[in-house]
Amino acid sequence: MSITLNSPLDMHLHLRDGDMLKTVAPLSSSSFAGAIIMPNLVPPVSTKEELIAYKKRIEEACDNSSFTPYMTLFFKPSYTKEFLESVKDELTAIKLYPAGITTNSEGGVSGFDVEELRPTLEAMSELEIPLCIHGETNGFVMDREAEFVSIYEKLASAFPNLTIIMEHITTKASVEALDRFDNLYATITLHHLMITLDDVAGGMLQPHLFCKPIAKRPEDREALRKVALEAHPKVMFGSDSAPHPQHAKESCGCAAGVFTAPIALQVLTELFVEHSTVKNLQAFVSDNALKIYKNIEVPKKTIRLEKKTFVVPPKYGTVVPMYASETIAYSIVE
Ligand code: NCD
Ligand code: ZN
C-alpha cells in the first residue's frame, strides 16, 4: 500500500546556520514542501536584512527548489507598526520566546505584561501576522507548560483577532485550552506523539530525546494523539526538529532538542496507519496549516510513502537523529 501526501508542511523547524544548515536543510527539503523556520540563531533573526539574508542562505542550502522557507522574526516588544509594515511581505510569523527558557532565547520576553506588549501585538493583529509562542514559565519543569496556559488565555482574550499558535504543545491542559479561544491554535511534534518522560529518563538517560518542553505523562501523550490523529482543525504538524552536534548532546549539560527531520513523515505515517486514521494525515501535515496560516502559499509537491523498512542512519553529519540505527517501517519512495 502506498500513501501519497500533497505538499506536506513542517510548521516548526530549526535549520540553524553555516555547516549545520547545509547538513540539515536538504533533509527537510527532500520530504516537505515548506516549513516555518525558527529565528533562534545567535544572534536571533530580528531585522529585515537578517531575515532576507537568512532566507537566501536556506534556499542555497536546499538542493530542492520546491521547498519554501516561511520566515519568522524573533519577537521584541520594541517592534513598531512601521517596522512590521516594512517587513510584512518577507515574513510569515513572529516567534515569541520567554527569556532564557530554551536554546538561544536569552533575548526573549519577561513578565508578559499585556500593556507592554500591546503596541506590537495590536500592530501584528491589524497586519494579520500570526504570533508563535514557546509557552513555558520558569516554574517546575513538568508544570511549565500548564502554568503558561493562563498567559495564553490572557493574550488570546486581550488580542482576539491575533492568530496565536501554541508551539509544540505537550500537555492535556494545552489541548483543552484550544477549544476555549477561537484564536488559539497549536503545533504538535512527532516526538511528543511518540514518547513520554519515561523514554527520556525512566531508564538510562537518553540525551537525544531531551528537549524543551520536556516530554510529559502518558495521559498528556494520549490527549495529543487524540487531536493529532483526528486532525483536529486547530492543530498542525510542527516537528521542532532541533539539531545539535553529538558532542553538545552527549555531554554534561545536554543541549535541548530532538532531531527528527529525516524520519518525521515516515514515523507519522506508521502512527496514523496503526491507528486506522491515515485518511487524516493529509490534514494534519498540510491542509490544517493552510487554513490556520492564511498567509502562506505552498508549492505543489507530492511525497509518496510505502511500507518498506528504512534503517535510520546513526548520524547525519555530526547530528544523531531520533531512532538512530533503528529500523522504521515506512520509507519515502521516489
Ligand atoms: C529548540 C532548539 O534547540 O533550538 N530546542 C528544543 O528543545 N525544542 C528550541 C525550542 O524550540 O525550544
Ligand atoms: Zn523549536
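The sections below set out a description of the structure shown in this document. Keep in mind the model is a prediction, meaning the values are calculated, not measured.

About the criteria used
- Residues numbered from 1 in each chain as written.
- Chains lettered and ligands numbered in written order.
- Predicted model: local features only at pLDDT ≥ 70, side-chain atom pairs only at ≥ 80, totals over all residues.
- Heavy atoms only, no water.
- Helix = DSSP H or I, 4+ residues; strand = E, 2+ residues; numbered from the N terminus.
- Buried < 20%, exposed > 50% of the residue type's maximum accessible area, 1.4 Å probe, protein only.
- Contact = heavy atoms within 4.5 Å.
- Salt bridge = Lys/Arg side-chain N within 4 Å of Asp/Glu carboxyl O.
- Polar contact = N/O pair within 3.5 Å; in protein donor to acceptor, adjacent residues only side chain to side chain.
- Pairing = 2+ DSSP bridges.
- Axes fitted to C-alpha atoms, helices over the stretch in contact; angles between N-to-C directions.
- Near = heavy atom within 4 Å.
- Areas by Shrake-Rupley, 256 points an atom, 1.4 Å probe, with all protein chains shown as cover.
- Nonpolar A, V, L, I, M, F, W, Y, C, P; charged D, E, K, R; others polar.
- Expected span 1.5 Å × (residues − 1).
- Phe/Tyr/Trp six-rings, centres within 6.5 Å; stacked < 30°, edge-to-face > 60°.
- Lys NZ or Arg CZ within 6 Å of the ring centre and 35° of its normal.

Residue position: Leu91 is located in the loop between helix H3 (81-87) and strand E5 (93-96). The class for Leu91 is buried, based on a relative accessible area of 7%. Between the alpha carbons of Leu91 and Lys55 there is a distance of 9.8 Å; along the sequence they are 36 residues apart. Residues within four places of Leu91 in sequence aside, it is in contact with Leu51, Met71, Leu73 and Ile129.

Quick look at the pattern of salt bridges now. Side chains that differ in sign of charge can pair as their charged atoms come close. Per the counting criterion, the structure on display carries nine salt bridges. The salt bridge involving Glu126 is made with Lys81; its shortest N-O contact spans 2.6 Å. Of the two residues, Glu126 sits in helix H4 (residues 114-127) while Lys81 sits in helix H3, which places them 45 residues apart along the sequence. For Arg180, the salt bridge is made with Glu153, and the minimal N-O distance between the two is 2.4 Å. Of the two residues, Arg180 sits in the loop between helix H6 (172-178) and strand E8 (184-188) while Glu153 sits in helix H5 (residues 144-158), which places them 27 residues apart along the sequence. One salt-bridge network, held together by shared partners, links Glu115, Arg118 and Glu122.

Let us now look at the side chain of Ser105. Note that Ser105 resides in the loop between E5 and H4. From its side chain, Ser105 meets the backbone oxygen of Thr102 in a polar contact 2.8 Å long. The contact partners of Ser105, leaving out residues within four places of it in the chain, are Phe74, Tyr97, Pro98, Ala99 and Gly100.

We now examine the sheet that holds strand E1 (residues 2-6). Read from one edge to the other, the open sheet built from three strands follows the order E1-E10-E11, with strand pairing classed as antiparallel. Every interior strand has two partners, whereas the edge strands, E1 and strand E11 (327-333), have only one. Adjacent strand axes in the sheet meet at a mean angle of 40°, parallel and antiparallel pairs treated alike.

This part takes up the site of ligand 1. Of all residues adjacent to ligand 1, which total 15 residues, the nearest are Arg16, Asn40, Thr102, Lys212 and Asp240. Interatomic distance of 3.1 Å between a side-chain N/O atom of His14 and an oxygen atom of ligand 1. For ligand 1, whose accessible area on its own is 320 Å², the fraction buried by protein is 100%. Residues of the shell around ligand 1, tallied by class, amount to three nonpolar, nine polar and three charged.

Structurally, the α-helix is built with 3.6 residues per turn, so residues lying three or four positions apart point the same way. With 12 residues, helix H1 (residues 18-29) extends 17 Å between its outermost C-alpha atoms, agreeing within 8% with the 16 Å of an ideal straight helix rising 1.5 Å per residue. Taken together, the buried positions of H1 are occupied by Met20, Leu21, Val24, Ala25, Pro26, Leu27, Ser28 and Ser29. Along its buried surface, H1 packs onto strand E2 (9-13) and helix H2 (48-61).

A few words now on the packing of aromatic side chains. Applying the stated criterion across every chain, the model contains eight aromatic pairs. Between Phe32 and Phe237 the ring centres are 6.2 Å apart and the planes differ by 15°, which places this aromatic pair in the stacked class. Pair noted here: Phe32 is in the loop between H1 and strand E3 (34-37) and Phe237 is in strand E9 (residues 235-237), with a separation of 205 residues, a long-range link. Given the relative accessible area of 0%, Phe237 is considered buried. A centroid spacing of 4.9 Å and a plane angle of 75° characterise the contact between Phe148 and Tyr152, whose relative ring orientation is edge-to-face. On the criterion of helical spacing, the pair formed by Phe148 and Tyr152 is a turn pair, its members being four residues apart in helix H5. No difference in accessibility class separates Phe148 from Tyr152, as the two residues are buried. Among the aromatic side chains, those forming a connected cluster through ring pairs are Phe32, Phe237, Phe272 and Phe284. Seen from the ring of Tyr185, Lys234 lies directly overhead, with NZ or CZ sitting 5.2 Å from the centre.

This next bit is on the sheet that holds E2. If you trace the eight strands from one edge of the open sheet to the other, you get E2-E3-E4-E5-E6-E7-E8-E9, paired in parallel fashion. Across the chains shown, the open sheet's two edge strands, defined by having one partner strand only, are E2 and E9. Taken pair by pair, the neighbouring strands of this sheet meet at an average axis angle of 25°, ignoring direction. Seen against the sheet, H2 touches E3 and strand E4 (68-74) and runs at an angle of roughly 150° to E4.

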